[in-house]
Every structure is written in structure tokens, then in C-alpha cells.
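# Results of the structural survey
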Amino acid sequence: MSSVSEKTVPEEEQTLDARLRALPSVSAVLNASQASNLVHRFGRHVSTEAIRATLLETRQAIKLGAAVLDAECVARQTLARLETNNCSGLRPLFNLTGTILHTNLGRAVLAEGAIEAANASMRSAVALEFDLATGKRGERDDYVRSLLCELTGAEDATVVNNNAAAVFLCLNTLALGREAIVSRGELIEIGGAFRMPDIMARAGTKMVEVGTTNRTHARDYRAALSEATGVILKVHTSNYRIQGFTAEVGAAELASIARENNLPLLNDLGSGTLIDVARFGLKQEPTVREAVSQGAGLVTFSGDKLLGGPQAGFIVGERGLIAEVNRNPMKRALRIDKIRLAAIEATLKLYRDPDRLSERLPALRAMARSQADIRAQTQRLQPVLARSLAPCYVVECCDCESQIGSGALPLDTIASAGLVMRSKNGCGGLEKLAAALRGLKRPVIGRIANGGLTLDLRCLDDEDEFVSAVTGLEPWPVELSIGQPR
Ligand SMILES: *Cc1c(COP(=O)(O)O)cnc(C)c1O
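What you see is a predicted model, and the numbers here were worked out from it, not measured in a lab.

### Points about the overall build of the chain
Per the secondary structure count, the chain includes 20 helices and 15 strands. On C-alpha atoms alone, the chain measures out to a radius of gyration of 29 Å, which is more than a quarter above the 23 Å that the 2.2 N^0.38 rule sets for 486 residues. For the chain, the C-alpha atoms occupy an extent of roughly 95 × 55 × 40 Å along the three principal directions. Taken across its 486 residues, the chain has 48% of its residues classed as buried. When the 57 positive and 56 negative side-chain charges of the chain are each reduced to one mean point, those points stand 2 Å apart.

### A word on the packing of helix α8 (residues 163–175) against helix α13 (residues 319–327)
In the contact formed by α8 and α13, the axes pass within 9 Å of each other and the chain directions differ by 100 degrees. If you check the angle between α8 and α13, you find them roughly perpendicular. Between α8 and α13, the residues in contact are Leu169, Thr173 and Leu174 and Leu321, Glu324 and Val325, respectively. In terms of residue class, the contact of α8 with α13 is built from four nonpolar, one polar and one charged.

### With respect to the pairing of strand β7 (residues 229–235)
Most of β7 sits inside the fold, with seven of its seven residues counted as buried. As defined by bridge partners, strand β3 (residues 179–183) adjoins β7 across three bridges and the pair is classed as parallel. Its bridge partner lying in β7, Glu179 is registered against Thr229. In this sheet, strand β8 (residues 265–270) lies alongside β7 in parallel orientation, the contact comprising four bridges. Across the sheet, the residue bridging to Val235 is Asp268, located in β8. Regarding the hand of the β-α-β motif, the stretch spanning β7, helix α11 (residues 251–260) and β8 is right-handed.

### Examining the site of the ligand
Near the ligand you find 14 residues, and of these Ala164, Ser238, Asp268, Ser302 and Lys305 are the closest. One nitrogen or oxygen atom from the main chain of Ala164 is found 2.9 Å from an oxygen atom belonging to the ligand. Within the complex, the protein chains bury 94% of what would otherwise be the 380 Å² of accessible surface of the ligand. Contributing elements (two or more residues each) for the shell around the ligand: α8 and β8. Of the residues that constitute the shell around the ligand, the class distribution is five nonpolar, six polar and three charged.

### Focus on the layout of surface pockets
The calculated volume of the largest pocket comes to roughly 1,300 Å³. Every residue lining the largest pocket is counted, 40 residues in all, and those nearest its centre are Leu105, Arg107, Ala108, Val109 and Leu110. Those elements giving two or more residues to the lining of the largest pocket turn out to be β1 (94–95), α6 (112–123), α15 (338–350) and α17 (362–368). Take the lining of the largest pocket: its biggest share by element is five residues, from α6. The residue makeup of the lining of the largest pocket, split by class, is 22 nonpolar, seven polar and eleven charged. For the lining of the largest pocket, the domains that each give at least three residues are domain 2 (94–103 + 366–470) and domain 3 (112–360). Considering only enclosed or pocket space, the second largest pocket measures out at about 510 Å³ in volume.

Reading the values: the criteria
Residues numbered from 1 in each chain as written. Predicted model: local features only at pLDDT ≥ 70, side-chain atom pairs only at ≥ 80, totals over all residues. Heavy atoms only, no water. Helix = DSSP H or I, 4+ residues; strand = E, 2+ residues; numbered from the N terminus. Rg over C-alpha atoms; globule rule 2.2 N^0.38 Å. Buried < 20%, exposed > 50% of the residue type's maximum accessible area, 1.4 Å probe, protein only. Lys, Arg positive; Asp, Glu negative; His and termini not counted. Charge placed at Lys NZ, Arg CZ, Asp CG, Glu CD. Axes fitted to C-alpha atoms, helices over the stretch in contact; angles between N-to-C directions. Parallel < 35°, antiparallel > 145°, perpendicular 65-115°, else oblique. Contact = heavy atoms within 4.5 Å. Nonpolar A, V, L, I, M, F, W, Y, C, P; charged D, E, K, R; others polar. Pairing = 2+ DSSP bridges. Right-handed = clockwise from strand over helix to strand, strands pointing away. Near = heavy atom within 4 Å. Polar contact = N/O pair within 3.5 Å; in protein donor to acceptor, adjacent residues only side chain to side chain. Areas by Shrake-Rupley, 256 points an atom, 1.4 Å probe, with all protein chains shown as cover. 1 Å grid on protein atoms, 1.4 Å probe; cavity = no way out; pocket = protein on both sides within 12 Å on 5 of 7 lines; lining within 4 Å. Points joined across faces, edges and corners; volume = space filled by probe spheres on them. Domains from an automatic or database assignment.

Here's what the structure looks like:
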């Protein structure tokens, strides 16, 4: 067995066979002084496997003429390999895409208070389903029920995994084996597999489409009513708008048609908001309070869209209907855990003080940021980025448009500012630059359009972190080891 202190023999004098034999064994590498750090950090099993992989690669490299490595060197390379693999894909990144609630980037960033509450609930046992006053069993919904009722004016409320789950659970509760009437103009697809007709089928509901794509009238709904009707469904067309020669039946009128026929109206708001977002310069989006007061039996909305909390689906409405929802055995399969519940409670509490909401809630803070403020930030950061990317790319300040994202207010944009990078003299490609930015220890994600890679700075609140991230870029034009954190 090779000893730790083994040194390489002058290579020119060795045959390939001898050079391969000169490589240290796995146990020799494990005994190298650098290996103690390796084993301490990653454990013996993982370290041994990784050393094997490094040795295998080194053997291939030696066959192609590379130098023999000693045990210390193999241990060091193995450490680097494991550090790279150990870097979580879920590590924090800079969302500079210009889409504030980016579904692929985890939607809303949570408020500090919500993060603290979630942390505290993780560290300790909590009274999740335990009533501290009586010492008897409690309900996990109790933590958000009264807050949701206070903020929406509803009689009762419950919460599940996300809004897709909320819609599914409501349909399954109100119309299993029965019919659900819905306008053809509202058969939405949210992206991925959430298509209203599919959800209705899986909920065991027969979809009865009424009206046309652009026009649906009250008489269409009335004509479709039958003994088999279980619910009338209204869906907010979150991510598209039908314009021109259009007609839809408002929630209040639908609620009265439903009431006359002793049926519930289910109103899926999608994003929904608890406050009027017009105060942030956005177009009006229906508030949950309005939807409740228009007479819907049940209203569903998301926790991580405009509301700015963690992923969750809220169901608010009439007490009797919420009780039915809670009796559905599927509720258990869709419930949320203590961590999210703690974060939701803390987020909802912020809505009790709407005046300070845009300071405390990152999603609204980002929406409310003025273009002037963002422009000033681009002025500060332009020289930093220009230095890091010289000489292959030019960096300029630019104006751009941010979007809310997650299907909320799809046609509305907010005037913003950013940094646009263009390649100079054809010396660097934009895809290559985008890959290098994604490969940073804290990845930077922008968007490529019109021959430039734009970083919209609306969502950048940690400027120092950004500066240290981009100074970590290797000087150009070196060949980048793409995908490797540096
Ligand atoms: C986004 C949306 C959903 C799905 O909500 P998730 O929280 O993403 O599960 C359902 N309905 C409408 C109208 C939506 O906009």
C-alpha cells in the first residue's frame, strides 16, 4: 500500500503502466492530511466514493498524458468535487428577470416576520392541534381562521396546500358526481397541468360549459341548471384577457342565480388580494372582500401570488360550506404543515396595518419601488458590472418594464430600470454570459431579449451581495467552466 509521503517519480522515465501504478490507493488518499477535512465534512462513505471517482478520472487523464497526482492532491481535488456537488440548487439567487412573482423562482419572497415565525416553529414543538387554554385537542386552522375572516369579511375560512388544491377540494366537496356550470370564457390553463376541465374531471365533477369564448349571459347559466347541478363556478381569468365584443356575468348576479336555485357559487380568484393594489399604481385586481360581499358561497385564492406569503390555498366563505369542505377526507391529504402555517399567520397579520405593508412585505416593496430609485441603483452598479465583464461585453443602464408574474395582472407592466449587457466585437456570446451568471455561487438570473441580456434591478435589495457576486466572475475572455460555482 502506498504511504502518505509517497512522492511521484520523474515521469519522463516511466512507462504508462508504471505511471498508473504510481497513483495512490483509495486508502492512501484517506490517510492524507487533507482527507481529514474531507471525511469530517462529508462522512467516510461519501468521501471514499468521491475519491474513487477522482482516481478514475485521473487515470483517464494520465492515459492522455496528464501528470500523476499524489495523495494530497487527489484529496484536495476530491474536496473540490464534493463542494461543487454539495452546493444546493435551491441556494439563494438574484431574481433580476423583471418578473416579481416568478413561479419558476419560487414566487414571493417572505417577510422577515414570516421567516422568523417559520424558523421558531421548526426549532420546537408547537401547539399545532392543541388548545393551550383548555388542554384539549385544537384545530390547525384556528391560527388563520379568525385572521382570514377579519381581513375578508367571510364567516369562516380554511387553508390547504395551494390554490389548485383549494379549487379541487371545493369542487370535490360541492359537486362530486354532480354538475358544475362554468362559462366557456373561463376555462383557464394556468400553466403546466392546471387546466380547469382536467381539475373538474379529477374532482369527480361533470363540467357543463355555457356561453361562448367571448360572451356568456345569465340566460346561459339558467338554461344549464338541472337537478344534477352541484355548483356554479366562476373563474377569474388571471393570465389572459378577452377584449372586444365581450359579455360576462358578474359575481353578484351569478350569486343571486345560484341562491334562487339553492346552489352555492364557487368563485376562484386565483391571485386575489386582501387590499386594493391600486395604491401601488397597479390596475385593479378583485379583492377577496369584494368577492365575499358579492355573495359567493366559497372564494378561493393563492397565498404566494399578490398576497406575498408562502405557497398556500385559502378557502373563505359561508360557515356551512366551509364545514363541508373540512369534512371531506381529501382535506387531510391537502393540509399544510406547522412551518407554513406559522409563516402564513405572520404574513396575514401584516395586513392589519396596510400603511406599512409595502415596507414589510418584499413582494409589495418590489412592486412599489419607484423607477427613479431603481435608476439610481443602475448608475451605482453599471461601473462594477462593466469592469467585471470587460472587454467582451458592454454594460449600459436602460429603462425596462417589470411584470407582476404568476398570472396576476398579465397585461400590466411597471416602469423599471436595469443594466443591459451586449457582446462587443462578437467576442462573447449572450448565452455564454447568461450561463456564467447562473454558475455564480449566488446565481444571477436575467432575461435575454433584443440582442441583450437585461438585469431588471427592481427586485435587487441586497446591493453589496450583488457586487460581491459579480466580482466573483472570472476576467473575460477566459474560457469559463460553466455550471461550476466559484
Ligand atoms: C394561479 C391560479 C390557480 C392556481 O393557484 P396555485 O396557487 O398556483 O396553485 C388557480 N386558479 C386561478 C384563477 C389562478 O390564477
